[in-house]
Amino acid sequence: MTHRIAVYVRDGLLSMELGIVHRLFGQARSESGDALYEVITCTDKPGPIRTDSDVRILVERGLDAVAEADTVMVPASDEDYETDGRAVSPLFDALSTQRLASICTGSFVLAASGVLDGKRATTHWKSAVRFAELYPQVLLDPSVLYTEDGNVLTAAGEASGIDLCLFMIRQDFGAAVANRVARGTVVPPHRSGGQAQYIDSPVPRTHGTSTADAQEWALRNLNTALSVEDLARHQAMSVRTFSRRFAAEVGVPPARWIVAQRIQRARELLENTDLTIERIAHDTGFGTATSLRNQLAAELGVSPSAYRATFRIGS
């Protein structure tokens, strides 16, 4: 049966986020071409809604749409930052047991209602301090792209809303449907995975910094043994100076970064190639299949074969 999604919007709506929800869920189709979702936009009082641009949208449905929905999604508003934590939206009077999801600072709306109390959640990093001050009872994790705790999901920002929507589609209808939606939208089928153990934010690759040359060199040579001394020598710095600057610029120590890049490369090869686990272990610098299995299990909680079976592009 068609899964109904109600998208709850308020004045100050970040229009990109509304578009993400409609576009991704709207593309989900069965193999026979039938729509798998019905997406309806609603608000407290039907009428024109101000967005974060010079465009207003006319919302024709009220909270009756929430009562009919299987999932309720709350995109961000530019007024979320100003919430004082006391006012609770009328939305929550219409809820029963639906799955709830927020994008960016839409999490403020969920938190103000109390549905995030004691649950793990995230929000945009710029708002994390404010969120933690207002809602100390929420287990805030601002370092991840999205979270799932019971029937409540939260995404950190606009782009991670794409990751969250794909994750939800994968949950509802499987990896094949989610991958087709991703290809149709020209985005990766996942950035950091679709379950809690995959959600850790990828370590960024930095450019234009004092250690950028060493980073690029390391990425070209992940199949070899790499040490902090090697990277420092390539950057013509002492190990101590290089390690200090690298950590300041990238956010993690060099050795940890190297492991993260090896794992990321292994994930790409598992998703996009038919290479054996042994070959992938060699090409990513882990050396042996056993070492790759141990690292992937430690970071993601799964084996290479299980990861490939879940996220193989084209599956």
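For clarity, every value in this text was computed on a predicted model and none was experimentally measured.

**With respect to helix H3 (residues 106-113)**
Phase 1: Judged by how many residues are buried, H3 sits mostly within the fold: 7 of 8 residues are covered.
Phase 2: For H3, the full list of buried residues reads Gly106, Ser107, Phe108, Val109, Leu110, Ala111 and Ala112.
Phase 3: The secondary structure elements touched by the buried residues of H3 are strand E5 (71-74), strand E6 (99-103), helix H4 (128-134) and strand E10 (152-155).
Phase 4: Just past H3, the residue glycine 114 takes up positive phi, approximately 95°.

**Quick word on the environment of alanine 281**
Phase 1: Structurally, alanine 281 is set in helix H11 (residues 277-283).
Phase 2: Distance from alanine 281 to isoleucine 263, taken between C-alpha atoms, is 9.6 Å for residues 18 residues apart in sequence.
Phase 3: Excluding residues within four positions of it along the chain, alanine 281 makes contact with Phe286, Gly287, Thr288, Ala289 and Leu292.

**Overview of the nonpolar core**
Nonpolar side chains tend to gather and get buried jointly when the protein is soluble and globular.
Phase 1: Grouped together as the largest cluster of nonpolar side chains are 36 residues, with contacts concentrated most on Val21, Phe25, Tyr37, Met73 and Leu164.
Phase 2: Secondary structure elements with two or more residues in this core: strand E1 (3-8), helix H1 (15-27), strand E2 (37-42), E6, E10, helix H5 (158-173) and helix H6 (175-185).
Phase 3: Broken down by element, this core gets its largest block of residues, 7 residues, from H5.
Phase 4: Those residues in contact with leucine 164 that sit more than four places away from it in its chain are Ala101, Ser102, Tyr146, Leu153, Thr154 and Ala155.
Phase 5: The next biggest cluster of nonpolar side chains, apart from the first, holds 25 residues, and it includes Ile40, Cys42, Val72 and Ala111.

**Some remarks on the packing of H1 against H5**
Phase 1: Between H1 and H5, the least distance of the axes is 10 Å, while the angle of their chain directions is 25°. Looking at the two axes, H1 sits roughly parallel to H5. The element H1 and its partner H5 pack so that their crossing is right-handed. Touching Met16, Glu17, Ile20, Val21, Leu24 and Phe25 of H1 are Glu158, Gly161, Ile162, Cys165, Leu166, Met168 and Ile169, all from H5.
Phase 2: The residue makeup of the contact of H1 with H5, split by class, is 10 nonpolar, 1 polar and 2 charged.

**Considerations on the pairing of strand E9 (residues 146-149)**
Phase 1: In terms of strand pairing, E9 meets E10 through 4 bridges, oriented antiparallel. Of the residues in E10, the one forming a bridge with aspartate 149 is valine 152.
Phase 2: Two successive antiparallel strands, E9 and E10, enclose a turn made up of 2 residues, where glycine 150 displays a positive phi of approximately 65°.

**Notes on the packing of aromatic side chains**
Both the distance between ring centres and the angle between the ring planes are used here to describe each pair of aromatic rings.
Phase 1: In this structure the tally under the stated criterion is 8 aromatic pairs.
Phase 2: Between phenylalanine 246 and tryptophan 257, the aromatic rings sit 5.5 Å apart at their centres with planes inclined by 75°, giving edge-to-face as the arrangement. Placement of phenylalanine 246 in helix H9 (residues 239-250) and of tryptophan 257 in helix H10 (residues 254-272) is noted, with a sequence separation of 11 residues between them. As far as the burial class goes, phenylalanine 246 and tryptophan 257 line up, both buried.

**Notes on the pattern of salt bridges**
Phase 1: If you walk through the whole model with that rule in mind, you get 10 salt bridges.
Phase 2: Between arginine 61 and aspartate 64 there is a salt bridge whose closest N-O contact spans 2.8 Å.
Phase 3: Take arginine 61: its relative accessible area is 25%, and that puts it in the partly exposed class.
Phase 4: With a relative accessible area of 42%, aspartate 64 lands in the partly exposed category.

**Details of the sheet that holds E10**
Strands in a sheet are paired, the pairing made by backbone hydrogen bonds, and the direction either parallel or antiparallel.
Phase 1: Read across the open sheet, the 6 strands follow the order E2-E1-E5-E6-E10-E9; overall the sheet is mixed. Each edge of the open sheet is held by one strand with a lone partner, namely E2 and E9. Taken pair by pair, the neighbouring strands of this sheet meet at an average axis angle of 15°, ignoring direction.
Phase 2: The pairing of E1 with E5 spans 3 bridges and is classified as parallel. Paired with alanine 6 across the strands is valine 72, a residue of E5.
Phase 3: On top of the sheet, H1 reaches E1, E2, E5 and E6; it is set at about 160° to E2, its chief contact.
Phase 4: Relative to E6, H3 is tilted by about 135°, and along the sheet it contacts E5, E6 and E10.

**Quick look at the packing of helix H7 (residues 212-220) against H10**
Phase 1: Close contact between H7 and H10 brings their axes to 11 Å; oriented N to C, the two are set at 40°. The angle between the axes of H7 and H10 places the two elements in the oblique class. In this structure, the crossing between H7 and H10 has a hand that is right-handed. For the pair formed by H7 and H10, the contact residues are Gln215, Ala218 and Leu219 on the first element and Trp257, Gln261 and Arg265 on the second.
Phase 2: Along the lines of polarity and charge, the residues of the contact of H7 with H10 split into 3 nonpolar, 2 polar and 1 charged.

**A few points about helix H12 (residues 289-300)**
Phase 1: Taking 1.5 Å per residue as the helical rise, H12 with its 12 residues ought to reach 16 Å, and the 16 Å between its terminal C-alpha atoms agrees with that figure.
Phase 2: Turning to H12, its buried residues number three or more, namely Ala289, Leu292, Leu296 and Leu300. The arc that holds the buried residues of H12, viewed along the axis, is 60°, so those residues lie on one side. In H12, the exposed residues that point more than 90 degrees away from the buried face are Asn294 and Ala298.

What counts and what doesn't
- Residues numbered from 1 in each chain as written.
- Predicted model: local features only at pLDDT ≥ 70, side-chain atom pairs only at ≥ 80, totals over all residues.
- Heavy atoms only, no water.
- Buried < 20%, exposed > 50% of the residue type's maximum accessible area, 1.4 Å probe, protein only.
- Helix = DSSP H or I, 4+ residues; strand = E, 2+ residues; numbered from the N terminus.
- Contact = heavy atoms within 4.5 Å.
- Core = buried A, V, L, I, M, F, W, Y, C linked by side-chain atoms within 4.5 Å.
- Axes fitted to C-alpha atoms, helices over the stretch in contact; angles between N-to-C directions.
- Parallel < 35°, antiparallel > 145°, perpendicular 65-115°, else oblique.
- Left-handed = near helix turned anticlockwise from the far one by under 90°.
- Nonpolar A, V, L, I, M, F, W, Y, C, P; charged D, E, K, R; others polar.
- Pairing = 2+ DSSP bridges.
- Phe/Tyr/Trp six-rings, centres within 6.5 Å; stacked < 30°, edge-to-face > 60°.
- Salt bridge = Lys/Arg side-chain N within 4 Å of Asp/Glu carboxyl O.
- Expected span 1.5 Å × (residues − 1).
- Arc of directions from axis to C-beta.

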